[in-house]
Amino acid sequence: MRKYIWSAIVLLGLLIARLGFAALNLSDPAMPELTVTLLITGGMLVGLVGATGLLGMLDWFAHAPVERRHRR
């Protein structure tokens, strides 16, 4: 189940970055450059976090609340 969650986070990051690239291609002056930059970099960072979690490097994040309950 965790792999599906991390995969969804990766896909969400790709979607956010794609929205930034689509806004960049529109050349619409209504969309500020800062917004496009934030969409692209934010999407790439979200995708990186999801990929890191998918590789198991963020496994401690999912287990942290369970370990605290059994520590008594």
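Since the structure is predicted, the reported quantities are computational estimates derived from the model, not experimental observations.

Undergrad: Please explain the environment of Leu19 as it appears in this structure.
TA: In this structure, Leu19 sits in helix H1 (residues 2–26). Distance in space between the C-alpha atoms of Leu19 and Val36 is 8.3 Å, their sequence separation being 17 residues.

Undergrad: In this structure, what is going on with the environment of Gly43? I would like to understand it.
TA: Along the chain, the position of Gly43 falls in helix H2 (residues 33–54). Residues Gly43 and Gly20, spaced 23 residues apart in sequence, show a C-alpha to C-alpha distance of 8.2 Å. Setting aside residues up to four positions removed in sequence, Gly43 forms contacts with Gly13, Leu14, Ile16, Ala17 and Leu38.

Procedures and definitions
Residues numbered from 1 in each chain as written. Predicted model: local features only at pLDDT ≥ 70, side-chain atom pairs only at ≥ 80, totals over all residues. Heavy atoms only, no water. Helix = DSSP H or I, 4+ residues; strand = E, 2+ residues; numbered from the N terminus. Contact = heavy atoms within 4.5 Å.

Geometric descriptors of this kind do not, in isolation, establish any biological role.
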